[in-house]
There are 2 protein chains.
Amino acid sequence: MVPLRETANSNMNGSATLDRIRVVLVRPSHPGNVGAAARAMKTMGVSRLALVQPRAFPHAEAHARASGATDVLEGASVWKSLPEALEGVVLAAGLSARRRELWLAQRSAREAARELVAAAGGGGEVALVFGTETSGLSNDDMRLCHLPVFIPANPEYSSLNLAAAVQVLCYELRQVAVEWQPPRVDCGEPATVDETEAMFAHLERSLGASGFLDPANPKRLMPRLRRMFGRVRLEREEVNILRGMLNAFKKVD
Amino acid sequence: MVPLRETANSNMNGSATLDRIRVVLVRPSHPGNVGAAARAMKTMGVSRLALVQPRAFPHAEAHARASGATDVLEGASVWKSLPEALEGVVLAAGLSARRRELWLAQRSAREAARELVAAAGGGGEVALVFGTETSGLSNDDMRLCHLPVFIPANPEYSSLNLAAAVQVLCYELRQVAVEWQPPRVDCGEPATVDETEAMFAHLERSLGASGFLDPANPKRLMPRLRRMFGRVRLEREEVNILRGMLNAFKKVD
C-alpha cells in the first residue's frame, strides 16, 4: 500500500485524512462480503483495503458485490498475519461485540471515529480491524488493537453483516472527517409581514363571503389559520398564489 | 400492521419508539437485498418492514441473507402502492441522492433520524422509504414523503447498496432513540399521509373547477402547493378546516 497522493484541496474535503485510514479484514470467509465491504468503503471515501488470509481472493463474487468499487478491491493488499497488515499504523481499532471483561474501555463507533480521524488528521496511519463473519476477532488479534470498538446495536440481535459493520464505521469516519456543511436551501424570497397580513385580510373576507367563517364566533378560525400559515414561513410567490386562488374561488360566485 | 404493545420499560430502551418506525422498500428487485435489509433493521431494533411491489417475495435468497432476522422478513407486509404502505403515517422520510432542485430542504441521515424519532416518540407512526436499487425513488414516490434524506457520502461514488443504506439509517435511528426523551410538544394530532393526499386531491378538483389550475400546465401549481404545505406538517384538524374551506368556496357556485 503506497501512500496516496494528496491533492491541493484534499484537506477541505477530508480525503487526505480518509486516505490514511486502512480497513483490515481478518480471515474473511465469504468473497461476497469482501466485495460488499469494498463498496461500503468507497461510498464513504475510504479506499485502502487490507486482507489477512482471505479464504478466496480474488473471486468473481467479490467483484460482483463490489459494484463500482472494483478499484478498491483490486488495490487491496493481502497479508499472512495481522501484525504485517498493521505495519506503520499508530492507532488500530478492532471491532468487538460489547463485552465487559476487556482490558480497555470500549469505544462506540462514533467515539472511535473521532479518535481515528484525529490521529489520521495529525498525519498518522490508522487502521480499523474486522474479524471473521462467525467469531469476530480472536483475543490475540484484539490485543494488537489499541481501541476495542463496538457498534451500539439491539442487545437481542447485534449480529451485523461484515460489510454492514464496515459501512457503519466508514460512515462515522466520514461524518467526522468531512465537516458537513448544510446545503444552500433552494428557497424563494420570504413574504413580508404586510404581505402576509394583506393575505390574511383577503382570506377573512373570502371566508366571510363563503359562509365558512362563523359570524357569531369569528375569532376562532382565523387564529387557527394564522397558526398554520405561521409554521410555513410563506414566501412572496406563495402569498401571490394563495391570493390568486381566493380570487379564482370568488369568481365562481 | 397492528400497533405494538408497549412494555413498562419500553421508553427506557427506546423500543416503543422504534416499534413505530416502518421501513418501506419500494420495488426492490433483488431478494438478497430484502433479506439483508431485514437483518440490518433487526440489528438496530427496527422490526416493521413493508414491501411495495417486490419483484420476488418470499424468496430463498432473502431468507439466507436475513440470517437471524427471518422474523422481520416473515412479518413483512406487502403492498401494491406506496400510498397504501404509508397509511396512517404522520411523517415519511424518503432516501434520495443529494440534489438541489427538490422542493424541500434535504436532511442528512442524522438530522432525519432526530425528526423521525421525535415524531415516533410523540406517538405517531413514521416511515423511512427506500427506492429501487438502480434508480431510487421516483418523483411521484418522493412527493409522498415529507422529508428528503441523503446519506452524506463520497461525491465521486455515493452508491450505497440498498441494505447498507437501510443499515446506516436504522443505525442513526437507534442512536437517537435509545437516548431520546419525549419532549412536551404543544401541538395537535398530526395528519396522516392518506389524509393529506385526500386533501390535495380535493384541492386539485376545486382549483380545476375554479379555473385557477391551468389545464394546459397542471403540473406546475400542485407541486408548488405541496411544497408549501409540506413545510407546515399539517395537523388532522387543519386538514379538516382546509377541506371545509374548499367545500364552502364550492357552495358559492
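Note: the structure precedes this text.
A quick note: this is a predicted structure, and the numbers were derived from the prediction, not measured.

Scoring rules and cut-offs
- Residues numbered from 1 in each chain as written.
- Chains lettered and ligands numbered in written order.
- Predicted model: local features only at pLDDT ≥ 70, side-chain atom pairs only at ≥ 80, totals over all residues.
- Helix = DSSP H or I, 4+ residues; strand = E, 2+ residues; numbered from the N terminus.
- Contact = placed C-beta atoms within 7 Å.
- Nonpolar A, V, L, I, M, F, W, Y, C, P; charged D, E, K, R; others polar.
- Buried ≥ 20, exposed ≤ 12 C-beta atoms within 10 Å, placed from the backbone.
- Pairing = 2+ DSSP bridges.
- Right-handed = clockwise from strand over helix to strand, strands pointing away.

S.K.: Would you mind going over the environment of Ser138(A) in detail, with residue names and values included?
M.R.: The topology assignment puts Ser138(A) in the loop between β6 (125–130) and α7 (139–143). Considered as a pair, Ser138(A) and Ala97(A) are 41 residues apart in the sequence and their alpha carbons are 11 Å apart.

S.K.: Lay out the interface of chain B and chain A in plain terms, naming residues and giving numbers.
M.R.: The parts lose accessible area when they come together, and the size of an interface is often stated as this lost area. With 47 residues of chain B at the interface, the matching set in chain A holds 46 residues. Looking at the side of chain B that touches chain A, the elements with two or more residues in it are α3 (31–43), α9 (162–177), α10 (193–210), α11 (218–232) and α12 (236–251) of chain B. Looking at the side of chain B that touches chain A residue by residue, the class counts come to 22 nonpolar, 15 polar and ten charged.

S.K.: Please set out the pairing of strand β2 (residues 48–52) of chain A residue by residue, giving values where relevant.
M.R.: Residue and element names in this part refer to chain A. Burial analysis of β2 places five of its five residues in the buried class, which makes it a mostly covered element. Of the two faces of β2, the one lined by Arg 48, Ala 50 and Val 52 and the one lined by Leu 49 and Leu 51 are each fully buried. Here strand β1 (residues 21–26) runs beside β2; their pairing, made up of five bridges, is parallel. Residue pairing in the sheet places Arg 22 in a bridge with Arg 48 of β2. Following the backbone out of β1, through helix α2 (residues 31–43) and into the adjacent parallel β2, one traces a crossover that is right-handed. In this structure, β2 lies alongside strand β3 (residues 77–79), joined through three bridges in parallel fashion. Within the sheet, the bridge partner assigned to Leu 51 lies in β3 and is Val 78.

S.K.: So what's going on with unusual backbone geometry? Which residues, and what values?
M.R.: All names here are of chain A. Geometrically, the link from Phe 57 to Pro 58 is a cis peptide bond, its omega value of -5° lying close to zero. With respect to the secondary-structure elements, Pro 58 resides in the loop between β2 and α3 (60–66). With a phi angle near 45°, Gln 53 is a residue other than glycine that sits in the positive phi range. Looking at the secondary structure, you find Gln 53 in the loop between β2 and α3. A tally of 16 C-beta atoms within 10 Å means that Gln 53 is categorised as partly exposed.

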